[in-house]
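# Chain and residue survey
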Amino acid sequence: MSAASAAELFRGTFGAEPCGVWSAPGRVNLIGEHTDYNSGLCLPIALPQRTFAALRRRDDDLLRIVSAQGDGVVEVELGDVGAGHPTGWAAYVAGVPWSLRTAGYAVGGLDVAVDGGVPLGAGLSSSAALECAVAAGVSDLHDLALLATSSGRSALAAVCVEAENTVAQAPTGGMDQSAALLAEAGRALLLDCRDHSTEQVPFDLAAHGLALLVMDTRAEHALVDGQYAERRESCEQAARELDVTSLREVSVDDLSERLAQLSSDLLRRRARHIVTEIERVRETVEALRHNDFPTVGRLFVASHASMRDDFEISVAELDTAVEAAVATGALGARMTGGGFGGSAIALVRADAAEATIAAVESAFADRGFRAPDCFVVTASGSATRDA
Ligand code: ADP
Ligand code: MG
């Protein structure tokens, strides 16, 4: 998949040249899990894997959408797009012009051809890559100039969140869209979900002989939606019992006294994960600023233990990937994303990446798990025009 393949799909489907091709990256979160809805901190990087969207403006209000990863051409009038409509993958595309129009921007119909290089449903945010590639194109085609400034890009991220929440009806906190629109190559993006401020943090691993490995477990688990809602509810209840607006307001300094005020051990463990995880994001940023990668690795390991034991969102495949990577000499490893499947990451010496992949594959084979998909990633750039 590339700008050329998206343009080719466009020509083959609509029999015309696209006006241009735009792309946006997937993302992986380095640390700070389930902290977004607790007004906390997270630290994603943009992936080299990108989704490409070839677009052409139409004079009417029709949307015609095709994807190399979808099925057939979906046609829908922009005026008919809304909560839960259209269903399926096309919602992530149609939701974007709908959300822009709802936010007051003058946008109309489009022909769209998509070719995505972000694995779907692996916790690497193919959904935001798709939305943000389309959003970048619509902004340019309608001269909205939202790509030109970071405030414009933040506004576009909010538009994409609204598209995913309302039209695709998927709860999402905003980390994915911010990473796709605001991340910079060679940097991690520190996101403060309380005031929506962002900071670029150095993350040039190659310069230090290191590499980041993504381990997509390809594990499939049911009941994930219910688990997400349950964790969210526990955090909200803990905040209510502690009389704070969110767990962000609880300090690590008097954490044990605060936890003692909670009504159950379950709430104590859930709250402990959030408060300590937010602190680990701060410590990771500090360590990255000093190129202290052994500390980053230790924070990854502590984060994984917290998600496994206190927040209880890991599964055997994620634990196996993390344990195999650490046993092979990784500086650290942790599950990433919402949990119950998806991907884990490992911070490794660049010359040990292949051996770590082999060790993880063999640990999966020994336990009878489906083969994982492991690959090295670098911190890449955000949404842009490609052609
Ligand atoms: P993730 O964002 O972690 O990959 P999601 O469940 O949030 O997982 O989003 C995956 C969904 O996004 C897919 O099931 C599909 O509906 C849609 N999607 C993402 N990329 C594409 C694409 N290139 N073509 C068609 N649909 C896509
Ligand atoms: Mg997603």
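Residues numbered from 1 in each chain as written. Chains lettered and ligands numbered in written order. Predicted model: local features only at pLDDT ≥ 70, side-chain atom pairs only at ≥ 80, totals over all residues. Heavy atoms only, no water.

### A short note on the sheet that holds strand 7 (residues 187-192)
One open sheet holds the three strands; their spatial order is 2-7-8, and the pairing between them is antiparallel. On the outer flanks of this sheet lie strand 2 (41-42) and strand 8 (198-202), each paired with one strand and no other. By the bridge criterion, five bridges tie strand 7 to strand 8 in an arrangement that is antiparallel. In the strand pairing of strand 8, Leu-190 is matched with Glu-199. Those strands touched by helix 8 (residues 265-289) are strand 2, strand 7 and strand 8, and its axis lies near 50 degrees from that of strand 8. (Pairing = 2+ DSSP bridges. Helix = DSSP H or I, 4+ residues; strand = E, 2+ residues; numbered from the N terminus. Contact = heavy atoms within 4.5 Å. Axes fitted to C-alpha atoms, helices over the stretch in contact; angles between N-to-C directions.)

### Focus: the environment of Val-296
For Val-296, the position within the fold is in helix 9 (residues 293-310). The class of Val-296 is buried, set by a relative accessible area of 2%. Between the C-alpha atom of Val-296 and that of Val-281, which follows or precedes it by 15 residues, the distance is 9.6 Å. Among residues more than four places away in sequence, those in contact with Val-296 are Thr-284, Ala-287, Leu-288 and Leu-347. (Buried < 20%, exposed > 50% of the residue type's maximum accessible area, 1.4 Å probe, protein only.)

### Things to note about unusual backbone geometry
Along the chain, His-85 connects to Pro-86 via a cis peptide bond; the corresponding omega equals 0 degrees. Along the chain, the position of Pro-86 falls in the loop between strand 5 (74-77) and helix 2 (91-102). Phi angles above zero are rare outside glycine, and His-34 is one such case at about 65 degrees. Structurally, His-34 can be placed in the loop between strand 1 (20-29) and strand 2. Accessibility expressed as a relative area gives 7% for His-34, which makes it buried. You will see that His-196, though not glycine, has its phi angle at about 60 degrees, which is positive. Looking at the element boundaries, His-196 is found in the loop between strand 7 and strand 8. Accessibility expressed as a relative area gives 63% for His-196, which makes it exposed.

### A look at the domain arrangement of the chain
When the parts come together, some accessible area is lost, and that loss is often what is quoted as the size of the interface. Segmenting the chain into domains produces domain 1 (3-203 + 381-385) and domain 2 (205-377). Computed from C-alpha atoms alone, the centre-to-centre distance between domain 1 and domain 2 is 26 Å. The interface of domain 1 with domain 2 comprises 30 residues on the first partner and 39 residues on the second. Summing the contributions of domain 1 and of domain 2, the shared interface buries around 3000 Å²; its carbon and sulfur component is 66%. If you sort the residues of domain 1 by the area they bury against domain 2, Ile-31, Glu-33 and Tyr-37 come out on top, with a joint share of 23%. One salt bridge connects Arg-248 with Asp-192, and the closest N-O pair in it is separated by 2.9 Å. Counting across the interface, domain 1 meets domain 2 through 16 residue pairs in polar contact (both at pLDDT 80 or more). (Domains from an automatic or database assignment. Buried area = accessible area lost by both parts, 1.4 Å probe. Salt bridge = Lys/Arg side-chain N within 4 Å of Asp/Glu carboxyl O. Polar contact = N/O pair within 3.5 Å; in protein donor to acceptor, adjacent residues only side chain to side chain.)

### Some thoughts on the environment of Ala-305
Structurally, the position occupied by Ala-305 is in helix 9. Each C-alpha atom, one on Ala-305 and one on Arg-232, is 19 Å from the other, the two residues being 73 residues apart in sequence.

### Observations regarding the pattern of salt bridges
Enumeration according to the criterion identifies 24 salt bridges in this entry. Linking Arg-269 and Asp-265 is a salt bridge whose minimum nitrogen-to-oxygen distance equals 3.3 Å. Of the two residues, Arg-269 and Asp-265 are both situated in helix 8; the distance of four residues between them amounts to about one turn of the helix. A residue is classified by how much of its surface remains accessible, and Asp-265, at 46% relative accessible area, is partly exposed. The network of salt bridges with common partners includes Glu-33, Glu-277, Arg-280 and Arg-334.

### Remarks on the packing of aromatic side chains
A complete count under the given rule lists three aromatic pairs for this structure. Ring geometry for Tyr-37 against Tyr-228: centres 5.6 Å apart, planes inclined by 70 degrees, an arrangement best described as edge-to-face. On the criterion of sequence distance, the pair formed by Tyr-37 in the loop between strand 1 and strand 2 and Tyr-228 in helix 6 (residues 224-241) is long-range, its members being 191 residues apart. Taking the relative accessible area as the measure of exposure, Tyr-228 reaches 22% and is therefore partly exposed. Both rings, one in Phe-364 and one in Phe-369, keep their centres 5.5 Å apart while their planes meet at 80 degrees; by these two values the pair is edge-to-face. Taking the relative accessible area as the measure of exposure, Phe-364 reaches 0% and is therefore buried. (Phe/Tyr/Trp six-rings, centres within 6.5 Å; stacked < 30°, edge-to-face > 60°.)

### Thoughts on the site of ligand 1
Every one of the 16 residues lining ligand 1 counts as a neighbour, but Ser-67, Gln-69, Gly-121, Ser-126 and Ser-127 are closest to it. Ser-125 is positioned such that a nitrogen or oxygen atom in its backbone is 3.3 Å from an oxygen atom of ligand 1. Ser-126 places a polar side-chain atom, nitrogen or oxygen, 2.6 Å from an oxygen atom of ligand 1. Those elements that provide at least two residues to the shell around ligand 1 are strand 6 (110-116) and helix 3 (126-141). No other element matches helix 3, which puts three residues into the shell around ligand 1. The residue inventory of the shell around ligand 1, partitioned by class, reads eight nonpolar, eight polar and no charged. (Near = heavy atom within 4 Å. Nonpolar A, V, L, I, M, F, W, Y, C, P; charged D, E, K, R; others polar.)

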